[in-house]
Amino acid sequence: MGLAGKPWGDVNAIYQIYPRSFMDANSDGVGDLRGVIDKLDYLKGHGRSLGVDALWISPFYPSPMADFGYDVSDYCDVHPMFGTLDDFKELLEGAHARDLKVIVDFVPNHTSIEHPWFQEALRDPNSDKRDYYVWHEPVDGREPNNWVSIFGGSIWEYDQRSGQYYMHSFLKEQPDLNWENPRLRAEMKRILTFWLDLGVDGFRVDAVWHMAKDKKLRDEPKNEHYIGPPGTYGEYKRIYSKYAPELHDYLRELTDIVESYPNKIMVFETSPDEDLGPVVDQYAALYDVNPRIGLPFNFGGMFLPWGARPMGDFVRDFQAMLRPTDRPAYCFSNHDQPRIVSRFGRRQSRVVAMLLLTLPGLPTVYYGDEVGMENVPVSPHAMQDPASANNPMGGRDPERSPMQWTSGRYAGFSTHKPWLPVPISARVYNVALEQRRPSSIFALYKKLLALRRDEPVFRDGMFTELHNDERRNVLVYERRGADKAYRVALNFSGKYRRVKLGRGAKVVCFTYPNRRPFVRNGTVLLGPYEGVVARV
Ligand code: GLC
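Residues numbered from 1 in each chain as written. Predicted model: local features only at pLDDT ≥ 70, side-chain atom pairs only at ≥ 80, totals over all residues. Heavy atoms only, no water.

A.B. asks: In this structure, what is going on with the pattern of salt bridges? I would like to understand it.
C.D. replies: Two side chains of opposite charge can pair, provided their charged atoms sit close to one another. Tallied over the full model, the rule gives 45 salt bridges. Across the salt bridge formed by aspartate 128 and arginine 183, the nearest N and O atoms sit 3.9 Å from each other. Of this pair, aspartate 128 sits in the loop between helix 4 (116-123) and strand 4 (135-136) while arginine 183 sits in helix 5 (residues 182-198); the two residues are 55 residues apart in sequence, bridging distant segments of the chain. Exposure remark for aspartate 128: the relative accessible area of 34% places this residue in the partly exposed category. A network of salt bridges, in which partner residues are shared, links Arg309, Asp313, Arg316, Asp317, Glu465 and Glu470. (Salt bridge = Lys/Arg side-chain N within 4 Å of Asp/Glu carboxyl O. Helix = DSSP H or I, 4+ residues; strand = E, 2+ residues; numbered from the N terminus. Buried < 20%, exposed > 50% of the residue type's maximum accessible area, 1.4 Å probe, protein only.)

See the structure below:
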C-alpha cells in the first residue's frame, strides 16, 4: 500500500464532515477535531464501521465565524474551538492508519476581514497587502457597478478611511482576494504546501467560480425572469462577476503544486450557469485544468426533482458529456443544501443512496445521510446561519444539525446543549440503533460502500442506461467492466413494478439489506421506492 495509501482511483466515496456538528469531545456544544478522532472507528477500520475510504472536513481554521469557518483568518492553524494543529496531526495519523484519506477545505476566493492581510490592507493602503484584495474608487459617488453578493446586497463595501470600496462575493466579512496579483497567488500556494507537507491527501476547493471576474467590471444584465425583491443574487444574470477565463490558469497553478506530491486530489466546488454558455464547456474547462488530479463536483443532483425521468436524464446526459479521462463527482446533499430525507422522503432516500453509490466516479456522502438525518427546523430567534438574514427559506441551519449518534440526550453528540437543535426523530435514526438493525439505512449505505470498494466496476466501469420510463417511473442501468457487469433497477414510483434484469441475474444488494426481493425468470418485483443491484 505504501505511505500514500490506496490510489484515489480506488476510493469508494468521500464522506463530508461539517466539524461543528460531527462530535463534540470537549462538551461546549460545538463539534471538534478530537470528536472526529474519537469517531474514526465509526468511519473505517472496525467491523461495524460505515466503511468510507476518504473524509473531507469543512473548515476548522481560525475564523471569527461570520460564515462558520468559510471566513478564514489564518489558513495554517486550527480554531481553538476545534482544537489544535496537534489534534489535526493526530486525526490524520489515525485516519491514515485505517487507510482513510483526509482532504481539507481550501477557501481561495476570500479571507475573513480579520485575516492579518486584510487588517494590514485596511490600516495602510500603501502596504503590499492592499493589492491582495479588490479595491475600487466610487463611481459617480457610489458603488463601482451593479454586482450583487451571493448573500444579498451590493458586492461592494465602502471603507471610510480610504474612500474606496472593497469587493465581497459573499458576506462583507469575506473580502475577495485578488488572484491577478502573483504575490497573492504565491501565498496561496504556500498554504497548500503547508497542508501537503503535513500529509493531507488533497483539497476541496471552495467557490472557485468567483476567483476570476471581468477585468472591466462591466454591469451585469438584468434577469428578465426574475420576480422578487431588488438586491438579491437572482436579480441579474451573472456573466461578468464570475468564471472569467483566467480562473483555469489560477487553478492550474494550484494543481501543479498539489500534483508535485504523489496521490493527491483537488475537488472543485463549481456552479455552472447556462447564462455563461453551454454547461458542457464549463465542465470541460474545469476537467482540463488537470485531468489527473482535478475534478469538479457535479451539483446537479442537489436540485433535481423526484422521478426516474429527471434523475435518469441527468445522469445519462452528464455521463455522455464526459471524456474518457473525466471522473464524475456526484453528490445529492451538502452543508448548503437540504437533506435527502427532507427533499424526497424517508423511503425514497434509500433509492437515492443506491443511485449515488452505484454511479461512476467519486461520490460524496454528507455526514448523517447514512442514518437518515432530516432537516431540523430552527426557530427565527435561534437561527445561526448569516445567510438566513436575506433568505426567506431560513438559511442553511436545518441541514447542519448535530450528528445523531445515540437515542440519548442531544443524540450523544455532546453533553452540553448543542449549537443547533436535535430533532425528536434522532431517537430512532441514530448510529447506535442502526448499527444493530440489519434493515437500517445505515446497513444499506454500509453494504453499498463495501460493494463499491470491492468492485472497481462501480467506480470506473461503463454506465449504460437501459430503461428510463416516465410512466412507470422506473430507472434501470448497467455498470459494465471487462469481465463483470451489474444492473441497477430503481423504482421511483409508489407502486409495485416488475423489472427485467436478465436471466441468471443475482441480487447483491436490496434497498432493505436484510431482505431479498422476489425474482423469477430474471424479473424482479420491486415494491414502492425499492431498488436492487444485481450481478448479470
Ligand atoms: C461555499 C461553501 C459555503 C460558503 C461559501 C462561501 O459555497 O460551501 O458554505 O458559505 O462557499 O465561502
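A.B. asks: I'm lost on the sheet that holds strand 2 (residues 54-57) in this one. Help?
C.D. replies: Within a sheet, adjacent strands bond to each other through the backbone by hydrogen bonds, running parallel or antiparallel. If you trace the seven strands from one edge of the open sheet to the other, you get 9-8-7-3-2-1-10, paired in parallel fashion. The open sheet has two edge strands, strand 9 (294-296) and strand 10 (364-366), and neither has a second partner. Neighbour to neighbour, the strand axes of the sheet diverge by 25 degrees on average, direction disregarded. In this sheet, strand 10 lies alongside strand 1 (residues 14-17) in parallel orientation, the contact comprising three bridges. Within strand 10, the position partnered with tyrosine 15 by the bridge is valine 365. Set on the sheet, helix 3 (residues 85-97) makes contact with strand 2 and strand 3 (101-106); between it and strand 3 the angle comes to about 140 degrees. (Pairing = 2+ DSSP bridges. Axes fitted to C-alpha atoms, helices over the stretch in contact; angles between N-to-C directions. Contact = heavy atoms within 4.5 Å.)

A.B. asks: What am I meant to see in the sheet that holds strand 5 (residues 156-159) here?
C.D. replies: Strands sit in the order 4-6-5 across an open sheet of three strands; the sheet is antiparallel. Sheet topology places strand 4 and strand 5 at the edges, where each strand pairs with a single neighbour. Two strands pair when backbone bridges link them, and strand 4 and strand 6 (residues 164-167) are joined in this way by two bridges, in the antiparallel orientation. Across the sheet, residue tryptophan 135 finds its bridge partner in strand 6, namely tyrosine 166.

A.B. asks: Just to check I follow, could you spell out the site of the ligand for this structure?
C.D. replies: Asp67, His110, Asp206, His335 and Asp336 are the nearest of the 14 residues found near the ligand. The contact in question runs from an oxygen atom of the ligand to an N or O atom on the side chain of aspartate 67, over 2.5 Å. Histidine 335 is positioned such that a nitrogen or oxygen atom in its side chain is 2.8 Å from an oxygen atom of the ligand. Taken together, the residues that form the shell around the ligand break down as four nonpolar, three polar and seven charged. (Near = heavy atom within 4 Å. Polar contact = N/O pair within 3.5 Å; in protein donor to acceptor, adjacent residues only side chain to side chain. Nonpolar A, V, L, I, M, F, W, Y, C, P; charged D, E, K, R; others polar.)

These values are about where atoms sit, not about what they do.
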